[in-house]
Amino acid sequence: MSAPGKTTPPRRGFCGPFDRPGSGAAAADMPADRRTDIPEGGWIDRYAPGSLRPYLRLARLDRPTGTFLLLFPCWWGTALAAHGAPALRVMALFAVGAVLLRAAGCTVNDIADRDIDARVARTRTRPIAAGEIPVPRALLFLGLLMAAGFLVLAQFNRLTILAGLASLPLVFVYPFA
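Just so you know, these numbers come straight off a predicted model, no measurement behind them. Residue indices follow the written sequence of each chain, beginning from 1 at its first position. Since the coordinates come from a predicted model, pLDDT governs what is reported: local features require at least 70, and pairs of side-chain atoms require 80 or more to be given and counted, while whole-chain, interface and lining totals use all residues. Derived side-chain values reflect all non-hydrogen atoms in the structure, with water molecules and hydrogen atoms excluded from consideration.

Colleague: So what exactly am I meant to see when it comes to the side chain of Thr-78 here?
Modeller: Only DSSP runs of H or I covering at least 4 residues are called helices, and only runs of E covering at least 2 are called strands; the numbering of each starts at the N terminus. Its place among the elements puts Thr-78 in helix H3 (residues 65-81). When residues no more than four places from it in sequence are discounted, the contact partners of Thr-78 are Pro-86, Val-90, Met-91 and Phe-94. Working rule for contacts: check all heavy atoms of both residues, and any pair within 4.5 Å makes them a contact.

Colleague: Just to check I follow, could you spell out helix H7 (residues 158-173) for this structure?
Modeller: Residues three or four positions apart in an α-helix share a direction because the helix packs 3.6 residues into each turn. To estimate the expected span of a helix, count its residues, drop one, and scale the result by 1.5 Å. Along its 16 residues, H7 runs 24 Å from first to last C-alpha, staying within 8% of the 22 Å computed at 1.5 Å per residue. Exposed residues in this analysis have more than 50% of their type's maximum accessible area, buried residues have under 20%, and partly exposed residues fall in between, with area computed by a 1.4 Å probe over protein chains only. Turning to H7, its buried residues are Ile-161, Gly-164 and Val-171. With its buried residues spanning 55 degrees around the axis, H7 presents them on a single face. In this structure, H7 carries Arg-158, Leu-159, Ala-166 and Leu-170 as exposed residues pointing more than 90 degrees from its buried face. Looking at the buried residues of H7, the elements they touch are helix H4 (88-112) and helix H6 (135-153). This arc corresponds to the set of directions leading from the helix axis out to the C-beta atoms.

Colleague: Before we go on, may I ask you to explain the layout of surface pockets in this structure?
Modeller: Here the largest pocket is characterised by a volume of approximately 520 Å³. Amino acids outside the nonpolar list (Ala, Val, Leu, Ile, Met, Phe, Trp, Tyr, Cys, Pro) and the charged list (Asp, Glu, Lys, Arg) are all regarded as polar, and Gly is one of them. Its residues assigned to classes, the lining of the largest pocket shows 16 nonpolar, five polar and no charged. Space inside and on the surface of the protein is sampled on a 1 Å grid over the protein atoms alone, with a cavity defined as a set of points where a 1.4 Å probe fits but cannot get out and a pocket as an open set with protein on both sides within 12 Å along at least 5 of 7 lines; lining residues have an atom within 4 Å of a point. Grid points are joined across faces, edges and corners, and a volume is the space filled by probe spheres set on the points.

Colleague: I'm lost on the environment of Ile-116 in this one. Help?
Modeller: Along the polypeptide, Ile-116 turns up in helix H5 (residues 114-119). Ile-116 gets classed as partly exposed once you look at its relative accessible area, which sits at 47%. Here the alpha-carbon distance between Ile-116 and Ala-129, two residues 13 residues apart in the chain, equals 8.2 Å.

Colleague: Would you mind showing me how to read the nonpolar core here?
Modeller: Side chains that are nonpolar tend, in soluble globular proteins, to be buried together. Core analysis: the largest hydrophobic core is formed by 17 residues, its most contacted members being Leu-58, Ile-128, Ile-133, Ala-138, Phe-141, Leu-145 and Val-152. Looking at this core, the elements that each hand over two or more residues are helix H2 (53-58), H4 and H6. The element contributing the most residues to this core is H4, with six residues. Nonpolar core, defined: a set of buried Ala, Val, Leu, Ile, Met, Phe, Trp, Tyr and Cys residues in which side-chain atoms within 4.5 Å join the residues together.

Colleague: Even after reading the chapter, I still don't get the pattern of salt bridges, so can you show me in this structure?
Modeller: Here, a salt bridge means any Lys or Arg side-chain nitrogen found within 4 Å of an Asp or Glu carboxyl oxygen. Summed over all chains, the structure comprises five salt bridges. The closest approach of N and O atoms between Asp-110 and Arg-126, which form a salt bridge, is 3.3 Å. With Asp-110 in helix H4 and Arg-126 in the loop between H5 and H6, this pair connects stretches of sequence that are 16 residues apart. Under the relative-accessibility criterion, Asp-110 is labelled buried at 1%. Exposure remark for Arg-126: the relative accessible area of 9% places this residue in the buried category.

Written as structure tokens, this is what we have:
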């Protein structure tokens, strides 16, 4: 809080290593028509083929924080359960699975929120809200993500497969909670 009669200058810059222009404190410094949660000029814009860019943005592959939130508890649990060092194969499967599940969750969220996202400055440039990906294609993309995720899940034992399948309703309910 500032003293009476004094104003606090707006925060400038980024809040953390994964923040991008258009999010967090930096958003306050941007003109209203440029506020977006999609970073410009990142690796997707520089290296990905144009036809894949909307899908990579839909999967939020340019913003890894959500993937880390899924991945680190899996790695932590694996490390605690291992007798010695955890198997690199299991750790890699969890990493791939976390990327796929996060992408599926983002796709479900953007399909569910497409009408709202189109009216909010921060989210109107998301691929579905902006019309870059039609809903039927987003559903196809979701199906591909789920199929790939199941292929990863099928590499585990029966108990792990059942636990993974039991978590799927959370992915689909999240946007409505």
